[in-house]
Amino acid sequence: MSSKKIIPFAPFLLALYPIIAVYSRNSGDFLPSMLMRSSLIALLCAASLLLIIYGTTRDSYRAVLLSATGMLFLSASGHVYRIIKSDYLPTVGNWFHILLVVIEISLLVFLAQKSVWLRLKPARWQAQAVNYLNLFAILTFVLPLYPISVFWLSAFDDTPHPWTTYVKSIPTSLQALAQPPDIYYIILDGYGQAEMLSNVYDYDNSEFIRFLKSKGFYIAEHARSNYFQTPISLSSSLNMSYLDFAPELAGKNTFNRLPLYELLNNNHSLNLLRKIGYTSITTETGYNFTEISSSDYVFSPFRNNLNDFESFYVSTSALSVFMEASNPVSDAIFSLMPPAGYRAYGERMVFSLQKLEDIAQMTDESPKFVFIHVVGPHPPFVFDSKGNPIAIDKPFLSGDGMDFSTSTADYQRDYIEQLKYINILAQNAIEDILTHSTHPPIIILQGDHGPGSLLNRDNMDESCLYERASILSAYYFPDTNYNSLYPSITPVNSFRILFNQYFGQNLALLTDKTYFSPQSFPYRFTDISDLITDTCP
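Below is a short write-up of the structure. (Residues numbered from 1 in each chain as written. Predicted model: local features only at pLDDT ≥ 70, side-chain atom pairs only at ≥ 80, totals over all residues. Heavy atoms only, no water.)

1. As for a nonpolar patch on the surface
Nonpolar side chains collect at one region of the surface, where Ile83, Tyr88 and Leu89 lie side by side and expose about 330 Å² of accessible area between them. Considering the arrangement of structural elements, one finds Tyr88 in the loop between α3 (60-87) and α4 (94-111). The exposure class assigned to Tyr88 is exposed, which follows from its relative accessible area of 62%. (Patch = residues over 30% accessible without salt bridge, like charges linked within 9 Å, V, L, I, M, F, W, Y side chains within 5 Å. Areas by Shrake-Rupley, 256 points an atom, 1.4 Å probe, with all protein chains shown as cover. Salt bridge = Lys/Arg side-chain N within 4 Å of Asp/Glu carboxyl O. Helix = DSSP H or I, 4+ residues; strand = E, 2+ residues; numbered from the N terminus. Buried < 20%, exposed > 50% of the residue type's maximum accessible area, 1.4 Å probe, protein only.)

2. Considering the pairing of strand β3 (residues 279-283)
Counting buried positions along β3 gives 5 out of 5 residues, so the element sits mostly inside the fold. Where burial is concerned, the two faces of β3 agree: the one with Thr279, Ile281 and Thr283 and the one with Ser280 and Thr282 are both buried. Relative to strand β4 (residues 297-299), β3 is paired through 3 bridges, and the arrangement is parallel. Within β4, the position partnered with Ile281 by the bridge is Tyr297. (Pairing = 2+ DSSP bridges.)

3. Regarding the pattern of salt bridges
Evaluation of the coordinates by the stated rule reveals 12 salt bridges. Here Glu431 and Lys215 are joined by a salt bridge, their closest N and O atoms 3.1 Å apart. Taken together, the residues span a long stretch of sequence, with Glu431 in helix α18 (residues 408-436) and Lys215 in the loop between α9 (206-214) and β2 (218-219) at a distance of 216 residues. Judged by its relative accessible area of 31%, Glu431 falls in the partly exposed class. For Lys215, a relative accessible area of 28% puts it in the partly exposed group. Ionic pairing is found between Asp414 and Arg413, a salt bridge with its closest N-O pair at 3.0 Å. Several salt bridges share partner residues, and in doing so they unite Asp410, Arg413 and Asp414 into one network.

4. Some remarks on α3
Under the 1.5 Å per step criterion, the end-to-end length of α3 is 38 Å for 28 residues, consistent within 8% with the ideal 40 Å. The largest bend along α3 reaches roughly 65° and is located at Ala76. Sitting at the amino-terminal end of α3 is Asp59, which places a side-chain oxygen 3.0 Å from the backbone nitrogen of Tyr61. (Expected span 1.5 Å × (residues − 1). Bend = angle between axes of the 7 residues up to and from the residue. Polar contact = N/O pair within 3.5 Å; in protein donor to acceptor, adjacent residues only side chain to side chain.)

Note that every value here comes from positions in space, so none of it alone points to a role or purpose.
Below, the structure is given as structure tokens:
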């Protein structure tokens, strides 16, 4: 061991830096708890690498220098690979990332050799190098803490009370029924209205619409979304209310979406149904703001799960070389740890719709409220029309619109391919529900918003509002009484009509409106109901 003791905190701070840096740019989108596992694993990896190198070399300086630089590279090798691919070597594939990781590990092993290290004459510089590295690590770690602190100082008063308490004109109870129906609320994320798909995408979706009608569905042919962002849209529809209170509580200039987590998990529709004996069921989506984790049953295709933050973090690290490929090595890794990235995204999509057959056959005496959020046909586009996986060579992102980094033509082509596969899965799911339900089912099949090939998420003047606002909206009532429905219904009225017709309520329907808000400022609502035309500029 070196004669002078040093404090080896650089490896740990540099291991945490990629996590803190990502969170600093997205504090309003991720619950702090979503960082805990990533941080713990990063610290354990840093400690393991430090101890392995020290145990091999018995040199604390060498152990700190090599483990710190090694952790920084391995934590961000996905970024390094994609910068090289994007700017310098566009034709290389995943093999090049593997090569970079192998080179880095080989270099660590090479420099750990005493004979090699001594040739670098470390006595002249290693002590000072460790001091500079520690200083660099401190500065690197502290800088992202500033925007995080600014965010939390501005957000601490956004929720003086849970946001569900600000929802008005909601009944306190529903009429209990002798033979209550099962209720299925199935969200196909970004699924557009048939007429819009024909006008903007030049795609005829009439085969799927005919299938729904043949099963007795009512199709709201001119349906629009209430909001353009999924967490806001779902919070509104499940609480049967517009979120008019959000700008006053959180402010129009915030990007804090965290209160929406409570608004979804404690939504009024679910709470009213629970009071009359309903069992709640959902599937895991990988995104906290679209999961009702408080449900009685939460089904997942995986033994363990990564949240949205963890998926992105893993996709930028050395582990991403195994994420999308299907081979013995990657399969062995994902049998031990939660899966991540586009591969997991696709598996969740398929699982959520296929699981409906089992859910329909659940024989609990209590009726079921089933909330399924399918993360497609919204990008990323991970399937072709036959369900074959599509390889995606970039960090895991589930964004949309112009932020998705693809051309309009590519977006529309890949969107339709994925939509065709979603149609197959959805048809099978509907057949399963109608065939196997233990209680007469009510089914609401909806898009939370339309697609976004012509969407600028921060500027409505540079967006096709018609494309984003036009949604699939289909209803199946077991008595086929659709007199209360109408072609232009929006999701905010879906459960109002359902509760009126089946649970003895007399809720007034709200005026159907559509709001745009920038992605960066989610509560800066602009009523665009009268600005939407049936064309794109």
